[in-house]
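If you want the building blocks of each chain, they are given just below.
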Amino acid sequence: MEKITLTIDGKEVTGIAGQTIMEVARENGFHIPHLCYHPKLSKTGACRLCIVRINNTMLKASCTEPVVSDMKVITEDEGIKSIRKWLLGLILMEGDHNCLYCDADGDCQLQAYVKTYEVEQSKEDFPVIEREIDYITSNAIKRNENRCILCGRCVRACKEIQVSNVWGLCERGSSTHLIADDDKKIGESTCVKCGTCVQYCPTGALTFQPVLGKGPNWELKKESSICIYCGVGCKIDFYTNKEGLLVKTMGHEDGPNDGHLCVKGRFGFDFVQSPKRLTKPLIKKEGQFQEVGWNEALDFVAQKLSAAKEQFGPDSIAGLSSAKCTNEENYVMQKFMRSVIGTNNIDHCARL
Amino acid sequence: MTNSIREIPESAGFLVIGSNTTENHPVIGSMIKNEVVNKKKKLIVVDPRKIELAKFADFYFAIKPGTNIAILNGFMHVLIKEGLYNREFVEKRCEGFDELAKTLEKYTPEYVADICGIDNADDIVQAARLMAELKPMALYYSMGITQFMSGVNGVKSTANLQMLLGNMGVAGGGVNPLRGQNNVQGACDMGALPATYPAYIPVASDENKAKFEAAWGTQGMSTKPGLTLMEMMNAAHAGDVKAMYIMGENPVMSDPNQQHVIESLEHLDFLVVQDIFLTETARYADVVFPACAFIEKEGTATNTERRVQPMHRVLKPKDDVKDDWWIIMQIARRMGANWDYEEPKDIFKEIIAVTPSYAGITYKRIEEELIQWPCPTKEHPGTQILHKETFSRGKGLFTAIDYTPPFEETDREYPVILTTGRILEHFHSGTMTRNSKVLDETVPEGFVEMHPNDASNYNISDGELVAVSTRRGSIRIKAKILKRSKPNVVFIPFHFFESCANKLTVDCLDPVCKIPEYKVCSCKIEKISA
Ligand code: SF4
Ligand code: SF4
Ligand code: SF4
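Residues numbered from 1 in each chain as written. Chains lettered and ligands numbered in written order. Predicted model: local features only at pLDDT ≥ 70, side-chain atom pairs only at ≥ 80, totals over all residues. Heavy atoms only, no water.

1. Re the overall build of chain B
Next up, step 1: The helix and strand inventory of chain B stands at 19 helices and 20 strands.
Next up, step 2: Once the C-alpha set of chain B is aligned to its principal axes, its extents read approximately 65 × 65 × 45 Å.
Next up, step 3: In chain B, which comprises 530 residues, the proportion classed as buried is 65%.
Next up, step 4: A fraction of 69% describes how many contacts in chain B between residues 6 or more apart in sequence connect residues 24 or more apart.
Next up, step 5: As presented, chain B carries roughly 19,100 Å² of accessible surface, and 49% of it is formed by carbon and sulfur atoms.
Next up, step 6: Averaging the coordinates of the 59 positive side-chain charges in chain B and doing the same for the 69 negative ones gives two points 3 Å apart. (Helix = DSSP H or I, 4+ residues; strand = E, 2+ residues; numbered from the N terminus. Buried < 20%, exposed > 50% of the residue type's maximum accessible area, 1.4 Å probe, protein only. Contact = heavy atoms within 4.5 Å. Areas by Shrake-Rupley, 256 points an atom, 1.4 Å probe, with all protein chains shown as cover. Lys, Arg positive; Asp, Glu negative; His and termini not counted. Charge placed at Lys NZ, Arg CZ, Asp CG, Glu CD.)

In structure tokens, the structure reads:
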């Protein structure tokens, strides 16, 4: 692979032929503002926010422009700054960007840039085209097109990652808008609710339906774990609110899933906080379950298993472990059956 | 999997057999779809139902359920007859070719097409030629291969094909089984199997027994391989197994022949169940322990590509809800063991001491690195591709395998083939997914999927309640009329207790690995007249 040396903001960096300026910049810790660009998606160069100055003259979209030897890249100067400000101002004018009412508040790329570049809503009377608001047809996805900046990320996410091709941009110019399938409501479309388009939407135009908890984005706590529903083992970031309720999940980009999830990994976890969960040990007394303390239950089980082992031998006892449990738990279970009970009667549902 | 998920872009094409990938392993399904739809890679699909991937396939074979081995033999027959197989790979790295070739002689495309119920025998020839061109081709399979009486042979047949094509040990190739639950791989690795200790070390050996007795500081362990799940149920039924300890499984819902399982559990003197809900199985227990759900736990899980990954505690469990390992340890201590694990990490340290393939893995490393076993030392990067230079046993062994028909063939009384499986929105017995709002609302009830021809034969309309019966039982369930299965083949997902597919299925087992034959049995469909 051919190495290419160039400078970004005066620092010498190297990339590989075929890489874009954006890619090399990111690898070297530079942040170039962008909205339509996402590293997991194909590049369109549509939003123009990522323009950089090349060799002190031309302006190019860094997400599509390939690196060339000895190129000098400036990621921001006064000229670029004012263009970015102007672009952001246009976006604000075209839609309804009131963060107070938006689920993405605090987790919105547009909002972040608007703050960085100190953009304000224009006072001009700009004709705003009312677009679709649909909070009801899908139980997974909420949609408010008045916050859509037509970056097309959802379109590409559904086409290139989920490969369901639900979203499309239709018409042109100021009437461009987003449609599901051949202009259906999202809840009536072929959407399989993987939620990937929401994960990649940079604004609050697409958001998740609330599952259990709610709360402002800046109060949410994030922790990763592994999906339980199949052997792909997708890595998931779980967001919980102050009350400890699950709010949403995002596909982790370093997992085997590369950021993607399916509907089960996205929406399959409210069972954990179901009121039907068992909360106390139970012992059946005269045909009825009764709640008991841990010591009583544990003593009883130990005594019963010891008695069976004594009376009928270790092979009269059998254990079932679980492919939904951790390695550690499976290990302890088989060790228990083998070393404490003294039988190899241990299996799990691998075959099912 | 012999290979890795991140190699999907490196494959020139795919053979997907017995795996409804986009519903059961959707993220991998999407990755394959992306290669095929957006990058024009080749795809061959073999499945009784016209699954989503079939729509994008260059060749789609709608085989009769239970005839995987016949079609795989058919492909191999063509490869050998036309000299398209990878001679160099076969000569250098494999043995048993002559015997295989001999067995394959009779599997002409016409013979196979007849067994599998395929119209166009020539497609088998064309598909085999395409396979030979794909360098490399990855083979993906799932329960559609294994859940048959001939399941083990089905698995061996997939290996035969990939060895013949020279697709083993190369990036983007391999034999890639997709595991149905998140830690099937890990549970097997850890020795939650009747015949093997951790790392698949056989229990039927005095030497191994001595080794583990020393490691665990105990005596009097057994060298007699134990009972498999289905054998346990039979032994309980017969009164030989008196007590059972079930952790996180719901056999009443997930095992075939539900009535038999219930009777077996009722015959037990003592049953302990440890779970998150009062499951259908827990109802038969004498003691039920409330256990942590997976996002309340810490530990590790091993995915289908042998990647060991950390799980973190996302939610704090309620006070009286405990970790599974803690509960087992408390019982062990009361029975005289001196275990004192304080956290999962302590257990993992013991695991790596007795499991050579995990020896180099630590909690710290998996936070930072992508590690797939075998990983024998702390310096070892893990193993992305298995069988790179040699196979575990040295040379790859071809196993000559003949097609055998499924246990239950259709007859006049039960004329329709029933297959069972999962759907996108649900998991297993439904305990988790049916308690999750979006999933439950999306598909709230079970259904029997049937071809429009069958529907009109039985005079059934879409959404109508019908009776489906087998020799073992009968259920009432709504009809869903769809051109997905062939005529005379119906499909029922097994997640719904109100219309439990496993009241119907057979509990005959693969003679070697004892997988129940879920995927196929014979049934009849009746209109319930109002
Ligand atoms: S949720 Fe998934 S399937 Fe539905 S539109 Fe978004 S990306 Fe496409
Ligand atoms: S909905 Fe979101 S991702 Fe899609 S075009 Fe609009 S802003 Fe971009
Ligand atoms: S998110 Fe979907 S594909 Fe990923 S592990 Fe969970 S069930 Fe499997």
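Text resumes after the structure shown.
2. Describing the sheet that holds strand E11 (residues 221-226) of chain A
Residue and element names in this part refer to chain A.
Next up, step 1: The antiparallel open sheet is built from three strands, whose spatial order is E11-E12-E13. Because the sheet does not close on itself, it has two edges, and the strands there are E11 and strand E13 (246-251). Ignoring strand direction, the axes of neighbouring strands in this sheet form an average angle of 30 degrees.
Next up, step 2: Alignment of strand E12 (residues 235-240) against E13, held across five bridges, turns out to be antiparallel. For Phe-238, the partnering residue across the bridge sits in E13 and is Thr-249. (Pairing = 2+ DSSP bridges. Axes fitted to C-alpha atoms, helices over the stretch in contact; angles between N-to-C directions.)

3. As for the nonpolar core
Next up, step 1: Ranked by size, the top nonpolar core spans 57 residues in total, and within it Leu-305, Tyr-331 and Phe-336 of chain A together with Phe-289, Ile-331 and Trp-339 of chain B carry the most contacts.
Next up, step 2: The contact partners of Ile-331 of chain B, leaving out residues within four places of it in the chain, are Leu-298, Val-301, Ala-302, Leu-305 and Phe-336 of chain A together with Tyr-245 and Phe-289 of chain B.
Next up, step 3: Formed by 52 residues, the second largest nonpolar core is a distinct cluster that contains Ile-69, Met-76, Ala-101 and Leu-161 of chain B. (Core = buried A, V, L, I, M, F, W, Y, C linked by side-chain atoms within 4.5 Å.)

4. A few points about the interface of chain B and chain A
Next up, step 1: Contacts between chain B and chain A engage 147 residues on the former and 105 residues on the latter.
Next up, step 2: Together chain B and chain A conceal approximately 10,900 Å² of surface at their shared face, both sides included; 64% is due to carbon and sulfur atoms.
Next up, step 3: On the chain B side of the contact with chain A, Phe-294, Arg-334 and Met-335 of chain B bury the most area, a combined 6% of that side's loss.
Next up, step 4: Remark: the boundary between chain B and chain A carries seven salt bridges.
Next up, step 5: For Asp-299 of chain A, the salt bridge identified is with Arg-334 of chain B, shortest N-O distance 2.5 Å.
Next up, step 6: Of the residues belonging to the side of chain B that touches chain A, the class tally is 82 nonpolar, 35 polar and 30 charged.
Next up, step 7: Strand direction decides the pairing type here: strand E16 (residues 317-320) of chain A and strand E9 (residues 243-247) of chain B, joined by four bridges, are parallel. From the neighbouring strand, Leu-320 of chain A faces E9 of chain B, where its bridge partner is Ile-246 of chain B. (Buried area = accessible area lost by both parts, 1.4 Å probe. Salt bridge = Lys/Arg side-chain N within 4 Å of Asp/Glu carboxyl O. Nonpolar A, V, L, I, M, F, W, Y, C, P; charged D, E, K, R; others polar.)

5. Topic: empty space enclosed by the protein
Next up, step 1: Tallying each qualifying case throughout the model produces 10 cavities of 30 Å³ or more.
Next up, step 2: Considered as a void within the structure, the second largest cavity measures approximately 260 Å³ in volume.
Next up, step 3: Around the second largest cavity, the lining comprises 24 residues; the ones closest to its centre are Lys-324 of chain A together with Gly-248, Asp-275, Ile-276 and Met-432 of chain B.
Next up, step 4: The residue inventory of the lining of the second largest cavity, partitioned by class, reads 10 nonpolar, nine polar and five charged. (1 Å grid on protein atoms, 1.4 Å probe; cavity = no way out; pocket = protein on both sides within 12 Å on 5 of 7 lines; lining within 4 Å. Points joined across faces, edges and corners; volume = space filled by probe spheres on them.)

6. A short note on helix H8 (residues 327-341) of chain A
Residue and element names in this part refer to chain A.
Next up, step 1: Given a rise of 1.5 Å per residue, 15 residues ought to cover 21 Å, and the 20 Å separating the end C-alpha atoms of H8 matches this to within 8%.
Next up, step 2: Its maximal kink placed at Lys-335, H8 deviates by approximately 25 degrees.
Next up, step 3: Of all the 15 residues making up H8, 15 are buried; the element is thus mostly covered by neighbouring parts of the structure.
Next up, step 4: Gly-342, located one to two residues past H8, shows a positive phi value of around 95 degrees. (Expected span 1.5 Å × (residues − 1). Bend = angle between axes of the 7 residues up to and from the residue.)

7. Observations regarding the confidence of the model for chain B
Next up, step 1: Residues at a pLDDT of 70 or more form 96% of chain B, whose mean pLDDT is 89.
Next up, step 2: At the level of chain-chain contacts, confidence expressed as ipTM amounts to 0.90, with global pTM at 0.91. (pLDDT = per-residue confidence, 0-100.)

8. Here we look at the sheet that holds strand E6 (residues 175-177) of chain B
Residue and element names in this part refer to chain B.
Next up, step 1: Strand order in the open sheet made by the five strands is E3-E2-E1-E5-E6, with parallel pairing throughout. Every other strand in the sheet has two partners, leaving strand E3 (59-61) and E6 as the edge strands with one partner each. Neighbouring strand axes in the sheet, compared pairwise and without regard to direction, differ in orientation by 15 degrees on average.
Next up, step 2: Two strands pair when backbone bridges link them, and strand E1 (residues 13-17) and strand E5 (residues 137-141) are joined in this way by five bridges, in the parallel orientation. Counted as the bridge partner of Ile-17 is Tyr-141 from E5.

9. Digging into the site of ligand 1
Next up, step 1: Residues in contact with ligand 1, as listed here, are Ile-141, Cys-158, Gln-162, Val-166, Trp-167, Cys-191, Val-192, Lys-193, Cys-194, Gly-195 and Cys-197 of chain A.
Next up, step 2: Considering only residue class, the shell around ligand 1 consists of eight nonpolar, two polar and one charged. (Near = heavy atom within 4 Å.)

10. Brief notes about the packing of aromatic side chains
Next up, step 1: Evaluated as defined, the whole model comprises 23 aromatic pairs over all chains.
Next up, step 2: Ring plane angle 85 degrees and centroid distance 5.9 Å describe the contact between Phe-336 of chain A and Tyr-245 of chain B, whose orientation is recorded as edge-to-face. Taken together, the residues Phe-336 of chain A in helix H8 and Tyr-245 of chain B in strand E9 connect one chain to another.
Next up, step 3: Ring geometry for Phe-14 of chain B against Tyr-140 of chain B: centres 6.5 Å apart, planes inclined by 45 degrees, an arrangement best described as tilted. Placement of Phe-14 of chain B in strand E1 and of Tyr-140 of chain B in strand E5 is noted, with a sequence separation of 126 residues between them. We note that Phe-14 of chain B, like Tyr-140 of chain B, is buried.
Next up, step 4: Each member of the aromatic cluster is reached from another via a ring pair, and the members are Tyr-229, Phe-238 and Phe-269 of chain A together with Phe-294 and Phe-427 of chain B.
Next up, step 5: Above the ring of Trp-326 of chain B, the side-chain terminus of Lys-322 of chain B is found at 5.0 Å from the ring centroid.
Next up, step 6: Here Lys-480 of chain B stacks its cationic end above the ring of Phe-447 of chain B, 4.3 Å away from the centre of that ring. (Phe/Tyr/Trp six-rings, centres within 6.5 Å; stacked < 30°, edge-to-face > 60°. Lys NZ or Arg CZ within 6 Å of the ring centre and 35° of its normal.)

11. Examining helix H11 (residues 206-216) of chain B
Next up, step 1: Within H11 of chain B, the full set of buried residues consists of Asn-208, Lys-209, Phe-212, Glu-213 and Trp-216 of chain B. Projected down its long axis, H11 of chain B carries its buried residues within an arc of 135 degrees, all on one side. Across from the buried face of H11 of chain B, at angles greater than 90 degrees, the exposed residues are Asp-206, Glu-207 and Ala-214 of chain B.
Next up, step 2: On its buried face, H11 of chain B sits against H8 of chain A together with strand E7 (196-197), strand E8 (201-202) and helix H16 (344-354) of chain B. (Arc of directions from axis to C-beta.)

12. With respect to the packing of helix H7 (residues 294-312) of chain A against helix H15 (residues 324-334) of chain B
Next up, step 1: At a minimum axis distance of 9 Å, the contact between H7 of chain A and H15 of chain B shows a crossing angle of 60 degrees. With respect to H15 of chain B, the axis of H7 of chain A lies oblique. Both H7 of chain A and H15 of chain B take part in a crossing whose hand is right-handed. Judged by residue contacts, Trp-294, Asn-295, Leu-298, Asp-299, Val-301, Ala-302 and Leu-305 of chain A of H7 of chain A engage Trp-326, Ile-327, Gln-330, Ile-331 and Arg-334 of chain B from H15 of chain B.
Next up, step 2: Each residue belonging to the contact of H7 of chain A with H15 of chain B can be placed in one class, and the counts come to eight nonpolar, two polar and two charged. (Parallel < 35°, antiparallel > 145°, perpendicular 65-115°, else oblique. Left-handed = near helix turned anticlockwise from the far one by under 90°.)

13. Details of the domain arrangement of chain B
Next up, step 1: Domain assignment breaks chain B into domain 1 (5-178), domain 2 (184-368) and domain 3 (416-527).
Next up, step 2: Its C-alpha centre places domain 1 of chain B at a distance of 26 Å from the equivalent point of domain 3 of chain B. (Domains from an automatic or database assignment.)

14. Describing unusual backbone geometry
Next up, step 1: Of note, the bond from Lys-135 of chain B into Pro-136 of chain B is cis; its omega dihedral lies within 30 degrees of zero at -5 degrees.
Next up, step 2: Summarising the element assignment, Pro-136 of chain B is placed in the loop between helix H7 (121-133) and E5.
Next up, step 3: A cis amide bond links Trp-373 of chain B with the next residue in sequence, Pro-374 of chain B, at an omega value of 0 degrees.
Next up, step 4: Within the element layout of this structure, Pro-374 of chain B appears in the loop between helix H17 (363-368) and strand E14 (396-397).
Next up, step 5: If you check the backbone angles, Leu-150 of chain A has positive phi at about 55 degrees while not being a glycine.

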